[in-house]
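For reference, the chains in residue letters:
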Amino acid sequence: MVRRYLALSLVAFVAYSLVAPVMKIAMESIPSTMAVFLSNFVMLVFVGGVLVYREIPVRPYLNHPKTPYIAGWGITLAVGLLAYYRALELGPVSVVVPIYGLFIALSSVIGIVFLEESLTARKVAGIGFALLAIVLMSL
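Residues numbered from 1 in each chain as written. Predicted model: local features only at pLDDT ≥ 70, side-chain atom pairs only at ≥ 80, totals over all residues. Heavy atoms only, no water.

- Looking at an unreviewed UniProt entry, the protein carries the name Transporter family protein, with the source organism given as Halostagnicola kamekurae.

Given below as structure tokens:
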């Protein structure tokens, strides 16, 4: 049986793979900052609909002890998306996306160092190969 997180990871992979090419097309005539605003507005409405459908109340999470982490994530996400979309507006998808993709390796390192996740030879090799792949794709 496939673990649910693996199936969701595949859905995320396929969906997110379409973001850069579709946004590159849109930003031929829409400024990157407006593209970030509009795409995230659509996401807000969509996710709001999911919350309503699943009957998940928002109010209890406004005072949750972990909410400051989510606020910090929101700030870093906004900065990252603004920079990413602007880079896509200015440069080729085939170079911007692999460089942006370095977040995968860095997030893994952060998980290992700060979240005390296990470090194995396989993970070290995976991170190394990811870095090598990104360098080769970006040249």
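Having seen the model, we can carry on.
**Points about the domain arrangement of the protein**
Interface size, as often reported, equals the accessible area lost upon joining of the parts.
Then, in step 1: One can read the domain layout of the protein as domain 1 (1-91) and domain 2 (92-138).
Then, in step 2: Centre-to-centre separation of domain 1 and domain 2, based on C-alpha positions: 21 Å.
Then, in step 3: Contact with domain 1, which involves 7 residues of that partner, is made by 5 residues of domain 2.
Then, in step 4: Across the domain 1 to domain 2 interface the summed buried area is about 570 Å²; carbon plus sulfur atoms make up 84%.
Then, in step 5: In this structure, the connection of domain 1 to domain 2 is made through 0 salt bridges.
Then, in step 6: Summed over the shared surface of domain 1 and domain 2, the number is 1 residue pair in polar contact (both at pLDDT 80 or more).
Then, in step 7: Elements supplying a minimum of two residues to the side of domain 1 that touches domain 2: helix H2 (19-26) and helix H5 (67-90). (Domains from an automatic or database assignment. Contact = heavy atoms within 4.5 Å. Buried area = accessible area lost by both parts, 1.4 Å probe. Salt bridge = Lys/Arg side-chain N within 4 Å of Asp/Glu carboxyl O. Polar contact = N/O pair within 3.5 Å; in protein donor to acceptor, adjacent residues only side chain to side chain. Helix = DSSP H or I, 4+ residues; strand = E, 2+ residues; numbered from the N terminus.)

**So, the layout of surface pockets**
Then, in step 1: The volume enclosed by the largest pocket comes to roughly 1,400 Å³.
Then, in step 2: Asn-40, Met-43, Trp-73, Leu-77 and Leu-81 are, among the 34 residues lining the largest pocket, the residues nearest its centre.
Then, in step 3: Looking at the lining of the largest pocket, the elements with two or more residues in it are H2, helix H3 (32-53), helix H4 (59-62), H5 and helix H7 (102-114).
Then, in step 4: Looking at the lining of the largest pocket, the element that brings in the most residues is H3, giving 10 residues.
Then, in step 5: Two domains share the lining of the largest pocket, each providing at least three of its residues, namely domain 1 (1-91) and domain 2 (92-138).
Then, in step 6: What the second largest pocket holds in volume is close to 460 Å³.
Then, in step 7: Looking at the lining of the second largest pocket, the elements with two or more residues in it are helix H1 (4-17), H2, helix H6 (93-100), H7 and helix H8 (121-138).
Then, in step 8: Each residue belonging to the lining of the second largest pocket can be placed in one class, and the counts come to 16 nonpolar, 2 polar and no charged.
Then, in step 9: When residues of the lining of the second largest pocket are assigned to domains, at least three fall in each of domain 1 (1-91) and domain 2 (92-138). (1 Å grid on protein atoms, 1.4 Å probe; cavity = no way out; pocket = protein on both sides within 12 Å on 5 of 7 lines; lining within 4 Å. Points joined across faces, edges and corners; volume = space filled by probe spheres on them. Nonpolar A, V, L, I, M, F, W, Y, C, P; charged D, E, K, R; others polar.)

**With respect to the environment of Ser-39**
Then, in step 1: Of note, Ser-39 is situated in helix H3.
Then, in step 2: Ser-39 gets classed as partly exposed once you look at its relative accessible area, which sits at 23%.
Then, in step 3: Within the local environment of Ser-39, its side chain forms a polar contact with the side chain of Tyr-85, the two groups lying 3.4 Å apart. (Buried < 20%, exposed > 50% of the residue type's maximum accessible area, 1.4 Å probe, protein only.)

**Describing H5**
Given 3.6 residues per turn, any residue in an α-helix points the same way as the ones three and four places further on.
Then, in step 1: In this model H5 runs 34 Å from its N-terminal to its C-terminal C-alpha over 24 residues, within 8% of the 34 Å that 1.5 Å per residue would give.
Then, in step 2: The complete set of buried residues in H5 reads Leu-81, Tyr-84, Tyr-85 and Leu-88.
Then, in step 3: Along its buried surface, H5 packs onto H1, H2, H3 and H6. (Expected span 1.5 Å × (residues − 1).)

**Observations regarding the nonpolar core**
Then, in step 1: Grouped together as the largest cluster of nonpolar side chains are 11 residues: Val-19, Ala-20, Met-23, Met-27, Ala-35, Val-36, Leu-81, Tyr-84, Tyr-85, Leu-88 and Val-96.
Then, in step 2: At the level of elements, H2, H3 and H5 are the ones that each hand at least two residues to this core.
Then, in step 3: Among the elements that make up this core, the one with the highest residue count is H5 (4 residues).
Then, in step 4: Leaving out residues up to four positions away in the same chain, Leu-81 has contacts with Tyr-16, Val-36 and Asn-40. (Core = buried A, V, L, I, M, F, W, Y, C linked by side-chain atoms within 4.5 Å.)

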